[in-house]
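Listed here are the chains, written in short residue letters.
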Amino acid sequence: MRNILSTPDRAVRSDGTPEYGVFRSPFRQVNLEDARYSRILGRSRLKEWHHIALIHPDVYVSLAVVDLKYVTASWVFVHDRRSGLSFEHARKLPGRRLKLPAELWDARWTLEGGRGYRIEGHNHLNRGLHELRIDIRRDRGRADVQGRLTLREDLDRVHPLVAVLPLGTNRPVYTHKVPCPLEGTLTIGAQSYTFSPERDLALVDIHKAYYPRKTFWRWATFAAVGTDGAIRGVNLTHNVIQSDDRFNENA
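The text that follows walks through the structure, step by step, so that each part is easy to find. Here, residues in each chain are numbered from 1, in the same order as that chain's written sequence. At least 70 in pLDDT is required for a residue's local features to be given in this predicted model, at least 80 for side-chain atom pairs to be given and counted, and no such filter applies to totals for whole chains, interfaces and linings, which use all residues. In computing side-chain properties, one takes all heavy atoms of the structure into account and sets aside hydrogens as well as water.

**Some details on the overall build of the protein chain**
Applicable threshold: Each helix is a run of DSSP H or I of at least 4 residues and each strand a run of E of at least 2, with the numbering of both proceeding from the N terminus. The atom set for the radius of gyration is the C-alpha atoms, and the globule formula is 2.2 Å times the number of residues raised to the power 0.38. When a residue's accessible area, from a 1.4 Å probe over protein chains only, is under 20% of the maximum for its type it is buried; when over 50% it is exposed; and in between it is partly exposed. Residue contacts are counted whenever heavy atoms from the two residues lie within 4.5 Å of one another.
In terms of regular secondary structure, the protein chain is built from one helix and 16 strands. Relative to the compact-globule value of 18 Å for 251 residues, the protein chain shows a C-alpha radius of gyration of 18 Å, a close match. For the protein chain, the spread of C-alpha atoms along the principal axes amounts to about 55 × 45 × 30 Å. Expressed as a percentage of its 251 residues, the buried residues of the protein chain come to 50%. Sequence separation of at least 24 residues holds for 49% of the intrachain contacts in the protein chain that already meet a minimum separation of 6.

**Some details on the environment of Gly-189**
Within the fold, Gly-189 resides in the loop between strand S12 (171-188) and strand S13 (191-195). On the basis of relative accessibility, which here comes to 28%, the residue Gly-189 falls in the partly exposed class. Separated by 176 residues in the primary sequence, Gly-189 and Arg-13 have C-alpha atoms spaced 48 Å apart. The contacts of Gly-189, once residues within four sequence positions are left out, are Ala-143 and Asp-144.

**Thoughts on empty space enclosed by the protein**
For clarity, the cut-off: Within this scheme a cavity is a closed region of a 1 Å grid, computed over the protein atoms alone, that accommodates a 1.4 Å probe without allowing it to escape, whereas a pocket is open but has protein on both sides within 12 Å along at least five of seven lines; lining residues each have an atom within 4 Å of a point. Grid points are joined across faces, edges and corners, and a volume is the space filled by probe spheres set on the points. Following the grouping adopted for this structure description, the nonpolar residues are Ala, Val, Leu, Ile, Met, Phe, Trp, Tyr, Cys and Pro, the charged ones are Asp, Glu, Lys and Arg, and the polar ones are all others, Gly among them.
Overall, the coordinates contain two cavities of 30 Å³ or more when judged by the stated rule. Around the largest cavity, the lining comprises 14 residues; the ones closest to its centre are His-50, Ile-52, Trp-109, Asn-123 and His-130. When residues of the lining of the largest cavity are traced back to their parent elements, those giving at least two are strand S3 (47-55), strand S8 (117-124), strand S9 (129-136) and strand S14 (201-209). The residue makeup of the lining of the largest cavity, split by class, is six nonpolar, six polar and two charged.

**Focus on the side chain of Thr-150**
Take Thr-150: it is sitting in strand S10 (residues 145-152). Those residues within four positions of Thr-150 in sequence are excluded, and the remaining contacts are Leu-129, His-130, Pro-181, Leu-182 and Glu-183.

**Concerning the pairing of strand S16 (residues 231-239)**
Which entries qualify depends on this criterion: Any two strands between which DSSP finds at least two bridges are classified as paired.
Relative to S16, strand S15 (residues 217-225) is paired through nine bridges, and the arrangement is antiparallel. Bridged to Ala-220 within S16 is Leu-236. The loop that links S15 with its antiparallel partner S16 comprises five residues; one of these, Gly-229, has a positive phi angle of about 85°.

So this is what it looks like as structure tokens:
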């Protein structure tokens, strides 16, 4: 069992040293650009993304917005559980087309992918929720995807995995992972799906890291609402983090 630490206001101290560990609550400011590693090699090495999985009895959706600095990437992957059919809308764009926020308490982000591809988010931890809007037009036979969704992150109900871990000397990776009760409506082509927070979940993965050029992941994550109404989730990861017997994302 690991020691879960009290959370400082900032993920990186004023001297450029990261606050390594697993923490009790979200950071007020995830200032990885202030790490000493960034001062030497530049913020262009910082990789950032939001990944959200939407889980419904009849449909599964995986979406991501990714800022790699030299390129911006995004996808919306849809899997129909009943028919087994899947499709994906995706974009690769020039760098700097997306700016993800340094905090989750009251911050917006938008990705305009062109040709009818738009995803918006508003992180509202100060209100215990995240808002997500998806507007993607039909393209090359792939159905349009339209959604207005609310992800409820009640810190009194679910303890998120909040961690800052070492990739090298003063070279941090930050993650915030949490299962959120999900409500709203998603329309895929002619079919509409209504999400119920008593049954359905969104798995949120918010990530910032100075990853090396060559990297790898082995990752599994899942969650469910129990018959007693409690949310239970598991996250298992093995990647390039140093000393991963001590520093890891397993929870």
